[in-house]
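Residue-level listing of the chains:
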Amino acid sequence: MSYDVSVNCTHCGCTVVDANYTTNMAWLWRHEGCDLREYDGKQALELLPRLQIAIDAMESEISVFGDQAYKHNPETKNSFPSNGWGDVHSCLGFLKDLRDGLCRCPDGIVRVSH
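Residues numbered from 1 in each chain as written. Predicted model: local features only at pLDDT ≥ 70, side-chain atom pairs only at ≥ 80, totals over all residues. Heavy atoms only, no water.

> A description of the environment of Asn20 should follow, citing residues and the corresponding values.
Structurally, Asn20 can be placed in strand E2 (residues 15-22). In this structure the C-alpha to C-alpha distance between Asn20 and Asp4, which are 16 residues apart in sequence, comes to 4.3 Å. Residues in contact with Asn20, not counting those within four places in the same chain, are Ser2, Tyr3, Asp4 and Phe94. (Helix = DSSP H or I, 4+ residues; strand = E, 2+ residues; numbered from the N terminus. Contact = heavy atoms within 4.5 Å.)

Below you can see the structure in the form of structure tokens.
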């Protein structure tokens, strides 16, 4: 399963963002205070601040712990998927790409399904 996130332009109706990522790592963005599900149907501008906070927190964790990011923490060390689908670095890349897309159309409407 995956999270599918899109942003539709309120002016022309085109899809500005169309991204997906494994649900296996949803715990990570929620751990950092950004539950993407909460933004379904809202303007991209509403998601951007919370998304940036999550990105900054993840980057900080990676800069300190490298490949052991989140694995040292008793709250998160057992959260990694046993099937190997998803990791901290690819999750961070997904969130950054999402942020960049939201910035292109801040008044667009976010759609999230999973």
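> Can you tell me about the side chain of Asp35, naming the residues and giving the values?
Counting through the fold element by element, Asp35 comes out in the loop between helix H1 (26-31) and helix H2 (44-65). Judged by relative accessible area, which is 11%, Asp35 ranks as buried. In this structure Asp35 touches Trp29 and Arg30, once residues within four positions along its chain are discounted. (Buried < 20%, exposed > 50% of the residue type's maximum accessible area, 1.4 Å probe, protein only.)

> If you had to explain the sheet that holds strand E3 (residues 109-113) to someone new, which residues and values would you point to?
Where strands meet in a sheet, backbone hydrogen bonds hold them as pairs that are either parallel or antiparallel. Spatial strand order, E2-E1-E3: three strands in an open sheet with antiparallel pairing. Here the strands that pair on one side only, and so sit at the sheet edges, are E2 and E3. Taken pair by pair, the neighbouring strands of this sheet meet at an average axis angle of 15°, ignoring direction. Summarising the sheet, strand E1 (residues 2-8) and E3 pair through five bridges and their orientation is antiparallel. Counted as the bridge partner of Val7 is Val110 from E3. (Pairing = 2+ DSSP bridges. Axes fitted to C-alpha atoms, helices over the stretch in contact; angles between N-to-C directions.)

Keep in mind these numbers describe shape, not what the thing actually does.
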